[in-house]
Amino acid sequence: MAPTVESFFRSFGTNLEAPVKQHLRNVYACLTMSTISAAAGAYVHMFTQWMSGGLLTVLASTALIVLLLSTPDTGKNRQLRLSYLLGFAFFSGMGMGPLLDMVVRVNPSIIVTALMSTAVVFVSFSASALLASRGSWLYLGGTLMTMLSSMLMFSLMNIFFQSYLLYQAHVYLGLLLMCGFVLYDTQLIMEKRRMGDKDFVAHSLDLFIDLIGIFRRLLIILTDKEQQKKNRRE
């Protein structure tokens, strides 16, 4: 195990230029803060009476992400843009509250399992992108966009057919899509930095959306499997 970890950090240090490494540290620091903010939002929904996930949280998160993307990075307004990011993450976590409520009713331990699984999946795919040769995963862009279009088609079809198979295909395809975006976005962030783009706040937003997408779909998959087990026992 130790040689593997040591070889990873050695490769990380030799394969990437110093500006790229510093940029990635900033990106992952923002991602960590966003994850904590999302957890706080979920906590507020589940354990307080202050606010709950619903239409207002969707509107709030939409407004904040529009503000973030419409405010160009000048180097002097990063605290403001970071506050937009953390606000978006907070309301995104709160917006997951109804799903978390449903999961708790089935089996609360699913949340812990999904969190751990999300961490393992995200770290694994991120490490793969960091250790891969330069730009080797950027070719996934076209495939990922095609899959995204397919997911939209599945969603529209399921409105009319209400098919469980289409629903399952949408969930599993979505999980695969989010894993692919972790690879793609990580290498795209590195290439953007090499081209002079230092906007680590916006870059961390891409990874945060990937992370939340993985967690949400793992929650759905694990809850569905647990519910099926309960039905068989009954």
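Thresholds, definitions, all that
- Per chain, the residues get numbers from 1 upward, laid out in the order the sequence is written.
- Since the coordinates come from a predicted model, pLDDT governs what is reported: local features require at least 70, and pairs of side-chain atoms require 80 or more to be given and counted, while whole-chain, interface and lining totals use all residues.
- Water and hydrogen atoms play no part in the side-chain values, which are based on all heavy atoms of the structure.
- UniProt positions are given in the numbering used here, feature names are shortened, and annotations may be inferred rather than shown by experiment.
- A carboxyl oxygen of Asp or Glu within 4 Å of a side-chain nitrogen of Lys or Arg is what we treat as a salt bridge.
- Helix and strand assignments come from DSSP, with helices taken as H or I runs of at least 4 residues and strands as E runs of at least 2, each series counted from the N terminus.
- Burial status follows relative accessibility: with a 1.4 Å probe on protein chains alone, a residue under 20% of its type maximum counts as buried, one over 50% as exposed, and anything between as partly exposed.
- Exposure above 30% relative accessible area and the lack of any salt bridge qualify a residue for a patch; like charges then connect within 9 Å, and the nonpolar side chains Val, Leu, Ile, Met, Phe, Trp and Tyr within 5 Å.
- What sets the accessible areas is the Shrake-Rupley method with a 1.4 Å probe; for residues, cover comes only from the shown protein chains.
- Throughout this description, a polar contact denotes any pair of N or O atoms lying within 3.5 Å of each other; where both atoms belong to protein, one of them has to be capable of donating a hydrogen while the other can accept it, and for residues adjacent in sequence the pair is counted only when both atoms sit in side chains.
- The criterion used for residue contact is that any of the two residues' heavy atoms lie within 4.5 Å.

- Named according to an unreviewed UniProt entry, the chain is Probable Bax inhibitor 1 originating from Frankliniella occidentalis.
- UniProt lists a comment for the chain under the heading Sequence similarities (unreviewed entry), and it reads "Belongs to the BI1 family."
- Per its UniProt entry, the chain bears the Subcellular location (unreviewed entry) comment "Membrane".

**Observations regarding the pattern of salt bridges**
- Within the structure shown, the criterion is met by five salt bridges.
- Notably, a salt bridge pairs Arg81 with Asp199, separated by 2.6 Å at the nearest N-O pair. Pair noted here: Arg81 is in helix α4 (residues 78-95) and Asp199 is in the loop between α8 (164-194) and α9 (200-233), with a separation of 118 residues, a long-range link. Each of the two residues, Arg81 as well as Asp199, counts as buried.
- The network of salt bridges with shared partners includes Glu17, Arg134, Glu191 and Arg194.

**Focus on a nonpolar patch on the surface**
- Side chains of Leu152, Leu156, Ile159, Phe160 and Phe161 sit close together on the surface and give an oily, nonpolar patch of about 620 Å² of accessible area.
- Assignment of secondary structure puts Phe160 in helix α7 (residues 140-161).

**Details of the UniProt feature "transmembrane region" (unreviewed entry) in the chain**
- In this structure's numbering, the residues bearing the UniProt feature "transmembrane region" (unreviewed entry) are residues 50-70, 82-104, 110-131, 138-161 and 167-184.
- Helix makes up 76% of residues 50-70 and strand 0%, with an end-to-end C-alpha separation of 30 Å.
- Helix makes up 92% of residues 138-161 and strand 0%. Its end C-alpha atoms lie 35 Å apart.

**Some details on the side chain of His45**
- Looking at the secondary structure, you find His45 in helix α2 (residues 18-47).
- Taking relative accessible area as the criterion, His45 reaches 10% and is therefore assigned buried.
- Within polar-contact distance, the side chain of His45 engages the side chain of Asp101 at 2.7 Å.
- Not counting residues within four places of it along the chain, the set of residues in contact with His45 comprises Met51, Ser52, Gly53, Met94, Gly97, Pro98 and Asp101.

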